[in-house]
Amino acid sequence: MNIATEIDQDELLATLARSIEHADSYAESEIGHQRDKGHRYYYGEPMGNERKGRSQHVSMDVFDAVESVKAMLLETFQADKNVCRFDPQTPEDFIPSKMATALTNYIFYRENNGSKILHDVVHDALVAKTGIIKRYYKNYYEFEEETFVNLDEANFAMLGADPDITIMQVEETTQAAQIQDPQSGEMVEIEQTFYSGEIARRIDKSKVCIEVIPPEDFLITPRATDEIDADFCSHRTSRTRGELLAEGFDEDTVLKLNEEKDMFEDGSLGRDSFDRFRPDDGYEGTKDREYVTVYESYIKKHRADLNKCVFLKVLHSKNVLLDMEMVSEKPFRYFTPFPLPHRFYGMSLADVLFDIQKTQSSLKRGVVDHTFMTNTSRFIANLSLVKNPRDLLDNRVGAVIDVNSPNPENVVRPMPMPNLSGSVFQAMESLETEKEARSGMSRLSRGMDSTVVSKQNSSDLITQFMNASNRRIMVMARNFAHNFLKPLMFDLYKLAIENEKREKLVQLDGQFVPINPQFLQNRTEMSVAVALTPEE
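Below is a short write-up of the structure.

The two faces of a sheet get side chains in turn, since along a regular strand they alternate between them. Pairing of strand β15 (residues 504-508) with strand β16 (residues 511-515) involves 5 bridges; the strand directions are antiparallel. What sits directly across from leucine 505, in β16, is proline 514. Following β15, the chain reverses through 2 residues before pairing antiparallel with β16; aspartate 509 in that reversal takes a positive phi of roughly 55°.

Within the secondary structure layout, alanine 102 lies in helix α4 (residues 94-111). Taking the relative accessible area as the measure of exposure, alanine 102 reaches 9% and is therefore buried. Spatially, the C-alpha atoms of alanine 102 and aspartate 509 are 9.3 Å apart, while their sequence positions differ by 407 residues. If sequence neighbours within four positions are ignored, alanine 102 has contacts with Val506, Gln507 and Leu508.

What follows deals with helix α5 (residues 114-128). Taking 1.5 Å per residue as the helical rise, α5 with its 15 residues ought to reach 21 Å, and the 21 Å between its terminal C-alpha atoms agrees with that figure. Counting buried residues along α5, 12 of its 15 residues qualify, which places the element largely inside the surrounding structure. Along α5, the residues that are buried comprise Gly114, Ile117, Leu118, Asp120, Val121, Val122, His123, Asp124, Ala125, Leu126, Val127 and Ala128. Directly after α5, the chain includes lysine 129, whose backbone phi takes a positive value near 80°.

Below, the discussion takes up the nonpolar core. Counting residues in hydrophobic clusters, the biggest one holds 62 residues, and the most contacted among them are Phe77, Phe108, Leu349, Phe480 and Leu485. It is helix α15 (residues 471-499) that provides the largest number of residues to this core, a total of 14 residues. Ile7, Leu12, Leu13 and Ile299 belong to the second-largest nonpolar core, a separate cluster that totals 15 residues.

Attention now goes to α15. For α15, built from 29 residues, the straight-helix expectation of 42 Å at 1.5 Å per residue is met to within 8% by its first-to-last C-alpha distance of 41 Å. In α15, a bend of some 35° at alanine 481 exceeds every other bend along the element.

This paragraph deals with the sheet that holds strand β2 (residues 131-138). The strand order across the open sheet built from 3 strands is β6-β2-β12, with neighbouring strands paired in antiparallel fashion. The open sheet has two free edges, formed respectively by β6 (207-213) and β12 (332-335), since each of these has just one partner strand. Adjacent strand axes in the sheet meet at a mean angle of 25° when their direction is disregarded. The pairing of β2 with β6 spans 7 bridges and is classified as antiparallel. Its bridge partner lying in β6, lysine 138 is registered against lysine 207.

This structure, assessed with the given rule, holds 17 aromatic pairs. Aromatic side chains tyrosine 42 and phenylalanine 63 sit 5.2 Å apart centroid to centroid with 45° between the ring planes, which places their arrangement in the tilted category. Of this pair, tyrosine 42 sits in helix α2 (residues 9-43) while phenylalanine 63 sits in helix α3 (residues 61-78), and the two are 21 residues apart along the sequence. Given a relative accessible area of 10%, tyrosine 42 falls into the buried group. The exposure class of phenylalanine 63 is partly exposed, given its relative accessible area of 33%. Summarising the aromatic geometry, the rings of phenylalanine 344 and tyrosine 345 are spaced 5.0 Å apart at their centres and angled 85° between planes, so their arrangement reads as edge-to-face. By relative accessible area, which is 5% here, tyrosine 345 ends up buried. Ring-pair connections join several aromatic residues into one group, and the members of that group are Tyr26, Phe218, Tyr298, Phe332, Tyr334, Phe344 and Tyr345. Over the face of the ring belonging to tyrosine 140 we find lysine 138, whose NZ or CZ atom lies 4.9 Å from the ring centre. Here the guanidinium or amino end of arginine 202 rests over the ring plane of tyrosine 141, the centre of that ring lying 4.3 Å away.

Here is what the cut-offs are and how they apply
- Residues numbered from 1 in each chain as written.
- Predicted model: local features only at pLDDT ≥ 70, side-chain atom pairs only at ≥ 80, totals over all residues.
- Heavy atoms only, no water.
- Pairing = 2+ DSSP bridges.
- Helix = DSSP H or I, 4+ residues; strand = E, 2+ residues; numbered from the N terminus.
- Buried < 20%, exposed > 50% of the residue type's maximum accessible area, 1.4 Å probe, protein only.
- Contact = heavy atoms within 4.5 Å.
- Expected span 1.5 Å × (residues − 1).
- Core = buried A, V, L, I, M, F, W, Y, C linked by side-chain atoms within 4.5 Å.
- Bend = angle between axes of the 7 residues up to and from the residue.
- Axes fitted to C-alpha atoms, helices over the stretch in contact; angles between N-to-C directions.
- Phe/Tyr/Trp six-rings, centres within 6.5 Å; stacked < 30°, edge-to-face > 60°.
- Lys NZ or Arg CZ within 6 Å of the ring centre and 35° of its normal.

Such coordinate-based values are descriptive only and should not be taken to indicate function.
If you want it as structure tokens, here you go:
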């Protein structure tokens, strides 16, 4: 039974439009403001409280903490490619479980750029609250043009019978040839036909794909506490008309699509502020290269014939329906560094450091301003005795000030400057300590604490201090491993055994072994094979 005929498409589009507007308003409010602020603080952009003629220094506390935590997490999960391993269920299952692990890691690190995926997800989560990926199986083919010359009829027939070959151009030539008559044994002259031309060979590049989604392009209902149980979520993206036509969508339907110019306002302004590039900048090209806004939405609907709620995958714009199908699950996984109970959005590392960066910037600007004014102090002068008052305004190093007085020290003298209070540096140190407590990344873990990292302490004692200082990062790493990486690896393995039809040459125990995913069984047990705490 075709589900598209059972559901009113206009009603479905109206429901999706309301859900998108609701989710977009939720994301554009405080969530979008905090994301935008996180990117700008990470880049060290001006904060808006600068004063003309004073120091414009911006403390990079958010950048420092994010890069330090990111380095530790990536080092933890990239030191060993087999971070997640399938557990054998029986003694006979030992080799198949190792093959399943090798296949999954091959898909993640070889067929997809696993190292970059981990980096981008962790970065998005630390700066913009959530790192989100979409995993799916993509049927994809590439075409290569080849030429053939002087093929006889038998070889040409074999070429035309290949389903992966399309004959683009062919020319026939006839040549005289002599062959031996099998009955008389005499040489006879016959005409043979030869073929030359061009073909397009189709090469299967289908694979399991992992795509890191910008957090501002992922919309979810405000009621959601998790991406699995959410009754609505959507991935908003820009695609060219040519890409949609290549996937087989009707040309008249594709021409009805357009680009939403306001889709880039939700948190992407901060991300784009680094190089001032705007994805919605004017671009003129051919019709097939025009970008349009497409939503890939997943919505829970009740089906009366099944008497149950199902998820529908709908590809659409706000007014045009492209495709619809029933699916068993949504293709998204996400990670947040500081998850909050009963909330989809947690807290980013940048969220807890905004006030510290702002205060540190103010204190450091005061120190810079005081140093500048001390070295280039202002003057108290009797201008009636100074021949050229401009000499005081220029204040050049080693410049001569010409005065009409036998006692020049009474005509021009520097204005006394108060000493910089030592409490300023105490406040800066206190804020640095508070930053370490909030982020979990101490100076000790970065090798910057000379009171501990010294010759008087043994290497084991230093290691104990470093492990104790990294407890919060270890909790974050465990959250990343069990709530993001482990489910993602399960998903990749499941997609492979359900869709892959070709053998893959995978390295296993130092040897290359062909593995056919169709012959592997479903698995439910996986362990995280990396030391996340000092005791492991």
